[in-house]
Amino acid sequence: MREFTIGKNDAGQRLDRFVAKNLPLLPPALLQKYIRLKRIKVNGKGSKRDVRLETGDILQLYINDEFFDKPNEENLFLTVFKPQLNIVYEDENLLLVDKRPGMSVHADETEKVNTLINHIQAYLYQKKEWNPKWENAFAPALCNRIDRNTGGIVIAAKNAETLRIINEKIKNHEVEKSYLCITVGRPKPVEGKIAGFLLKDEAKKQVAFYRRPIPGGKTAVTLYRTLETRGPLSLVECRLLTGRTHQIRVSMAEIGCPLLGDGKYGRGCEPPLRRDPAGPVFLPAGLPFPHGRRGAELPAGQGLHRGGCALPGQVFSRAGNSLKNSRKTPAKSLILLDFSPHIGY
């Protein structure tokens, strides 16, 4: 329990607004709940949220100590009242979360609070599976990352041992990263490997593709396979042998088949196809996921996503709808459609 004595400079403020300013980590919905439950008292009694505080009032806050800390990147998860997660698999060691397009996995210059890792940490904190007060250094962490505008599976480790094991699996290429995407044009050949070097321009947030080594360039290798073509669009499966920023986008553009809706690397497309789709063109995966230190597996045929696997025709139908909508209301694009890992640990 913490106490505040109201001074003359704080007098006249509403109770809820005073608490909100002094406890920025306390989610607004939780603040209102605590007032209703009388865990926030004025002069020893419960009070309404809109009561005006007076000089000399004693505020008593029966609230967890962590909400009194100053905000920083490590505790911003506390501001997430109701975590929004589409969990496709969970056990005592890890989480598989289907990240929605538009959400950043980590904090960046545009978003600090509403990130995937903050929602995951808030979820585990509220389940009482993890509390930073119990740990010296470890916090639940992501084993892989995908771009803001990409939807798909992200692996989160609940403990340090799992984080080490999964990271080692990824490093040793024991985790298969498969993406499905819609390209403008049909790749030639229909199946192959795109190998080169990527150089990132931090100022422009853009990557350039080079066929030969270049100072500062990083090796990038992508395997692709064309599943179906209809008109100007193709459904392509891509597998990453390396994990570089914008790797699939710039690699497919390099062979003349940029991804549908890619305004950054798709400059060679016809104008209607260059505009950003108004909604995501998304294909759920249906891949088995071996897991568990004891060698357990998901039931045969059970996919990572609820709802199973969409047929190629359904993907093209949704791509066409997005393209029609894009002519009316351009919006941010979703380019890569899915991420489906296989792991056995």
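Residues numbered from 1 in each chain as written. Predicted model: local features only at pLDDT ≥ 70, side-chain atom pairs only at ≥ 80, totals over all residues. Heavy atoms only, no water.

## Quick look at the overall build of the protein chain
From N to C terminus, the protein chain includes 7 helices and 13 strands. Of all 345 residues assigned to the protein chain, the portion counted as buried reaches 46%. When the accessible area of the protein chain is evaluated, it comes to approximately 17900 Å², of which 49% is carbon and sulfur surface. (Helix = DSSP H or I, 4+ residues; strand = E, 2+ residues; numbered from the N terminus. Buried < 20%, exposed > 50% of the residue type's maximum accessible area, 1.4 Å probe, protein only. Areas by Shrake-Rupley, 256 points an atom, 1.4 Å probe, with all protein chains shown as cover.)

## As for helix H4 (residues 160-171)
Given 3.6 residues per turn, any residue in an α-helix points the same way as the ones three and four places further on. The terminal C-alpha atoms of H4, which comprises 12 residues, lie 16 Å apart, in line with the 16 Å expected from a rise of 1.5 Å per residue. Looking at H4, one finds that the buried residues are Thr 162, Leu 163, Ile 165, Ile 166, Lys 169 and Ile 170. Projected onto a plane normal to the axis of H4, the buried residues spread over an arc of 170° and lie on a single side. Those residues of H4 that are buried are in contact with strand S6 (94-99), strand S7 (141-142) and strand S8 (152-157). (Expected span 1.5 Å × (residues − 1). Arc of directions from axis to C-beta. Contact = heavy atoms within 4.5 Å.)

## Regarding a positive patch on the surface
On the surface, Lys 33, Arg 36, Arg 49 and Lys 82 cluster together into a positively charged patch. Among the secondary structure elements, Arg 49 is positioned in the loop between strand S3 (45-46) and strand S4 (58-61). Since its relative accessible area comes to 45%, Arg 49 is described here as partly exposed. (Patch = residues over 30% accessible without salt bridge, like charges linked within 9 Å, V, L, I, M, F, W, Y side chains within 5 Å. Salt bridge = Lys/Arg side-chain N within 4 Å of Asp/Glu carboxyl O. Lys, Arg positive; Asp, Glu negative; His and termini not counted. Charge placed at Lys NZ, Arg CZ, Asp CG, Glu CD.)

## Some details on unusual backbone geometry
The peptide bond linking Lys 188 to Pro 189 adopts the cis configuration, its omega dihedral lying at 0°. Looking at the secondary structure, you find Pro 189 in the loop between strand S9 (178-184) and strand S10 (191-201). One non-glycine residue, Lys 205, lies in the positive phi region at around 55°. Mapped onto the elements of the fold, Lys 205 is located in the loop between S10 and strand S11 (206-210).

## Let's talk about the sheet that holds S9
Ordered by their spatial adjacency, 5 strands build an open sheet running S9-S13-S12-S10-S11, and the pairing between neighbours is antiparallel. The sheet is open, and its two edges are formed by S9 and S11, each paired on a single side. On average, each strand axis in the sheet is tilted by 40° relative to the strand beside it, whichever way the strands run. Here strand S12 (residues 218-230) pairs with strand S13 (residues 233-240) via 8 bridges, running antiparallel. Of the residues in S13, the one forming a bridge with Tyr 224 is Cys 238. (Pairing = 2+ DSSP bridges. Axes fitted to C-alpha atoms, helices over the stretch in contact; angles between N-to-C directions.)

## Considerations on the packing of aromatic side chains
Inspection of every chain in the model, using the stated rule, returns 3 aromatic pairs. Aromatic side chains Phe 4 and Phe 18 sit 6.0 Å apart centroid to centroid with 85° between the ring planes, which places their arrangement in the edge-to-face category. With Phe 4 in strand S1 (residues 2-5) and Phe 18 in helix H1 (residues 15-22), the pair connects residues that are 14 residues apart, well separated along the chain. Judged by relative accessible area, which is 22%, Phe 4 ranks as partly exposed. Residue classification places Phe 18 among the buried positions, given a relative accessible area of 3%. Seen in terms of ring centroids, Phe 77 and Trp 130 are 5.0 Å apart; in terms of plane orientation they differ by 55°. Their pairing is tilted. Linking Phe 77 in the loop between S4 and strand S5 (87-90) with Trp 130 in the loop between helix H3 (116-126) and S7, this pair joins segments that are 53 residues apart in sequence. In this structure, Phe 77 and Trp 130 share a single accessibility class: buried. (Phe/Tyr/Trp six-rings, centres within 6.5 Å; stacked < 30°, edge-to-face > 60°.)

## Here we look at the sheet that holds S4
Strand order in the open sheet formed by 4 strands is S1-S4-S2-S3, with antiparallel pairing between adjacent strands. Across the chains shown, the open sheet's two edge strands, defined by having one partner strand only, are S1 and S3. Note: strand S2 (residues 40-42) against S3, 2 bridges, orientation antiparallel. Bridging from a neighbouring strand, Lys 41 pairs with Gly 46 of S3. Sheet strands touched by H1: S1, S2 and S4. Its angle to S4, the strand with the most contacts, is close to 60°.

## Description of the nonpolar core
Core analysis: the largest hydrophobic core is formed by 57 residues, its most contacted members being Val 19, Leu 26, Ile 40, Ile 63 and Phe 67. Looking at this core element by element, the count peaks at 7 residues for H3. In this structure, Tyr 89, Cys 143, Leu 163 and Ile 170 belong to the second largest nonpolar core, which totals 13 residues. (Core = buried A, V, L, I, M, F, W, Y, C linked by side-chain atoms within 4.5 Å.)

## As for the pattern of salt bridges
The tally for this structure, following the rule as stated, stands at 15 salt bridges. Note that Lys 200 is salt-bridged to Glu 202, the shortest N-O span being 3.9 Å. In this structure, Glu 237 engages Arg 225 in a salt bridge whose closest nitrogen and oxygen atoms are separated by 2.7 Å. Taken together, the positions of Glu 237 in strand S13 and Arg 225 in strand S12 put the pair 12 residues apart, joining distant regions of the chain. The exposure class assigned to Glu 237 is partly exposed, which follows from its relative accessible area of 21%. One network of salt bridges, with partners in common, ties together Glu 90, Lys 127, Glu 129 and Lys 158.

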